[in-house]
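Residue-level structural notes
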Amino acid sequence: MSETHRIAGVAAPLPIGNLDTDQIMPKQFLLGIDKSGLADGLLHDLRFDAEGRLRPDFVLNRPEYRGARILLGGANFGCGSSREHAVWGLQQAGFDAVVAPSYGEIFYFNAMNNRLLLVTLPPEQVQVLMDSVAHGQDKRLTIELGEQIVSTPQGDEYPFDLQPRQKRMLIDGLDMIAMTLRDAAAIDRFEAEHWQVRPWCRVDIARTRARKRGAGLNSVRSQGQALSSEKER
Amino acid sequence: MAAQTLYDKLWDSHLVSSRDDGTSLLYIDRQLLHEVTSPQAFEGLRLSGRKPWRLDANLATADHNVPTTLIERRAGVAGIQDDVSRIQVQTLDDNCDDFGIELYSINDLRQGIVHVVGPEQGATLPGMTVVCGDSHTSTHGAFAALSHGIGTSEVEHVLATQCLLQRKMKNMQVRVEGELGRGVTAKDIVLAVIGEIGTAGGTGYAIEFAGSAIRALSMEGRMTICNMAIEAGARVGLVAVDQTTIDYIGGRPFAPSAEQWEAAVAYWRGLVSDPGAHFDKVVELDASTIEPQVTWGTSPEMVVGISGQVPDPADAESDTRRRGIERALEYMGLSAGQAITDIRLDRVFIGSCTNSRIEDLREAARVAKGRRVASTVKQAMVVPGSGLVKKQAEKEGLDKVFIEAGFEWREPGCSMCLAMNADKLGAGEHCASTSNRNFEGRQGYGGRTHLVSPAMAAAAAIAGHFVDVREFDHTPAPQALSA
């Protein structure tokens, strides 16, 4: 997110509904223990064929979309797996924003926590933007975060909504953990009361360990019991 | 007080504070950790010099990335041949050691798929909030636990604060009334539900599954249903507490102690939606009309009954939908109007957090017993959900049933559900899979996944193509050993 709260750049249309995070970041790129190297994995199987050759027709491989900062996507973008690697990969590949009719919920939270802007517009408006980018000479779009407007080079404007928290995260770049820890006293108070009312919610590993001799057998046994009482269909 | 839904009750009982931006801080009782989505969270803690808020709330096991062949498993973590995978599994062990988190390492009898292990150990209890860096955390809602799949930033947030920032969801009830036909299972119910409401139909909702058909299910069946709530877009799936829930929990390692048991059970019995509670959306299905389901496309909503055909894009109600079907048919190598029973299988996978519990294996073994996997099927594998499931299955002789029929009997892990390890499909191969996602490339580059129940997968392995398990001659169930 730039300091001016404006994202301006080439927008790439990717008109695929239900584009899941498995496709955005395939599993072979989830093996790392840090966040690096994920630009290579972004939309890998769409960018490359089975032999690892570039698919020249794929939108991100075409020269006119080189350096794209905005991705125009289909409905339910980012559904499926919770892998945050999908968001990290989009950002590492240079994307600052996605514009789509709707998003998978976990992807939505992951994007917010990493300050990747997700703009939600009605499907017909996303389609108009895709058409204008695909057929126009000028492939750029501008997103003004402050005014919450997407605009085309022709001057067409599309206002969008943002949740207050989303906007604050994007603009202020808050450290969410630090913010929550400001409520540490409230969490302590909650915990004390919670455990009084619902003591079994207080997991006690030491107590469990003490009971653990033969613990595995216990659970197998009760599994057997649960099944012996199961009704036959 | 106004009538509340189960979700409302769970939300209210974990609400720490509400903020003016519409978000709330929710207290988290239990976090489950695995090797793929936790290393960056632990690293974040180290970099910021923070400590976990409450160690005992965490439980870790390696599942996504572990090999499932005995030969690779024998030497533990050090035996993992792929260097990058080994480092990731080792990193989970190291992080748990460093921070002091309870871990079921690769060859611990209790190791397994995190969503099998949690309930099996009693680590998931009714009335708890449960999170895990995995979208299928919705599984634990079968115990009336409010369970969210979260991303890695949130894993770190929960480690550090024991809280999750959330917006309250809307309430949806999916009511399935009536009796399931013979050979029709929980998996078929949930696939039919997703076919009905669509893969984004539950977005923004917590779905409570209710009705006589849900109440008649075992905990294993309820877990299968809640597991796939996320495939309908809902991060949260729930089933109310009843005697089945309570019976399952008794005696498990993390279950309440004897002195807490009665009070816990009394509280749990209240974890049901009140009569007259308001649901923003209600969906009703008649269980008796549900056929065994098979997915034909690349999204779980692309599903049809076994007697059905692959749809014709020309019949689609919108252009977007038509393009989606065309794209899926091309990827799947299927043609419009093709009978589902004409789809031939190259591989069969029985496993995953959806269907790798003891009941699932019994269901598949019942079909496989005394039969042989078709010679045209290259590989049929059974991957138990945990070491304890494996042990129980072996006690009942299910491993022998599978092996004699020509199935491979593997070590526990996520395996071919997401193909992070060596278990994967080749390009163009069709697979009958008991897992949860038929996305493009999910089970391997170019792989073609068909989601089905364990019984349907076993029947397909034997026939070499999809068959209606209801017409498949059933042999008697292998007897479960009594306790």
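Attention here is on the structure that accompanies the text. Note on numbering: residues in each chain are counted from 1, in written sequence order. As they are written, the chains are lettered A onward and the ligands numbered 1 onward, keeping that order. A pLDDT threshold of at least 70 governs which residues receive local features in this predicted model, and a stricter bar of 80 or more applies before side-chain atom pairs are shown or counted, although totals over entire chains, interfaces and linings include all residues. Note that water and hydrogens are dropped before the side-chain values are worked out from all heavy atoms of the structure.

**Thoughts on the overall build of chain B**
For the record, the criterion: Numbering of helices and strands starts at the N terminus; helices are DSSP runs of H or I of at least 4 residues and strands are runs of E of at least 2. The atom set for the radius of gyration is the C-alpha atoms, and the globule formula is 2.2 Å times the number of residues raised to the power 0.38. Exposed residues in this analysis have more than 50% of their type's maximum accessible area, buried residues have under 20%, and partly exposed residues fall in between, with area computed by a 1.4 Å probe over protein chains only. When checking whether two residues touch, look at their non-hydrogen atoms; a contact exists if any pair is within 4.5 Å. Only the protein chains shown count as covering a residue, and every accessible area follows the Shrake-Rupley method with a 1.4 Å probe. Neither His nor the chain ends contribute to the count of charged residues, in which Lys and Arg are positive and Asp and Glu negative. A charge is said to be at NZ when it belongs to Lys, at CZ for Arg, at CG for Asp and at CD for Glu.
Scanning chain B from terminus to terminus reveals 16 helices and 19 strands. The C-alpha atoms of chain B give a radius of gyration of 22 Å, which matches the 23 Å a tight globule of 483 residues would have. Judged by the C-alpha coordinates and their principal axes, chain B covers about 55 × 55 × 50 Å. Classification of the 483 residues of chain B by burial places 70% in the buried group. At a minimum sequence separation of 6, the contacts of chain B that also span at least 24 residues come to 76%. Counting every atom, chain B has about 14600 Å² of accessible surface; 48% of that belongs to carbon and sulfur. Side chains of chain B give 46 positive and 62 negative charges; the mean places of these two sets differ by 2 Å.

**Some points on the sheet that holds strand β7 (residues 157-159) of chain A**
Residues and elements named next belong to chain A. Stated formally: The criterion for strand pairing is that DSSP finds at least two bridges linking the strands in question. Lines are fitted to the C-alpha atoms to define the axes, a helix being fitted only along its stretch in contact, and any angle between axes, read from their N-to-C directions, falls within 0 to 180 degrees.
As summarised here, the arrangement of the seven strands in space is β4-β3-β2-β1-β5-β6-β7, forming an open sheet in which the pairing is mixed. Each end of this open sheet is capped by a strand with a single partner; those strands are β4 (117-120) and β7. Adjacent strand axes in the sheet meet at a mean angle of 30 degrees, parallel and antiparallel pairs treated alike. Pairing between strand β3 (residues 97-100) and β4: four bridges, direction parallel. If you follow Val98 over to β4, its bridge partner there is Leu118. Packing against the sheet, helix α5 (residues 123-135) makes contact with β1 (6-14), β2 (70-73), β3, β5 (140-144), β6 (149-151) and β7, and its axis sits at approximately 125 degrees to β2.

**Some thoughts on the environment of Arg252 of chain B**
By the secondary structure assignment, Arg252 of chain B is in the loop between α10 (243-249) and α11 (258-268). When the C-alpha positions of Arg252 of chain B and Ala405 of chain B are compared, they lie 33 Å apart, and in sequence the two are 153 residues distant.

**Concerning the pattern of salt bridges**
Residues and elements named next belong to chain B. The line we're drawing: Within this document, salt bridges are pairs made up of a side-chain nitrogen of Lys or Arg and a carboxyl oxygen of Asp or Glu, the two lying within 4 Å of each other.
Taken as a whole and assessed by the stated rule, the structure comprises 35 salt bridges over all chains. Two residues, Glu177 and Arg175, come together in a salt bridge whose shortest N-O distance is 3.9 Å. Residue Arg175 is classed as partly exposed on the basis of its relative accessible area of 26%. Between Glu326 and Arg322 there is a salt bridge, and its shortest N-O distance comes to 3.3 Å. With Glu326 and Arg322 both in helix α12 (residues 319-332) and four residues apart, the pair spans about one turn of that helix. Relative accessible area serves as the criterion here: at 28%, Arg322 is assigned to the partly exposed category.

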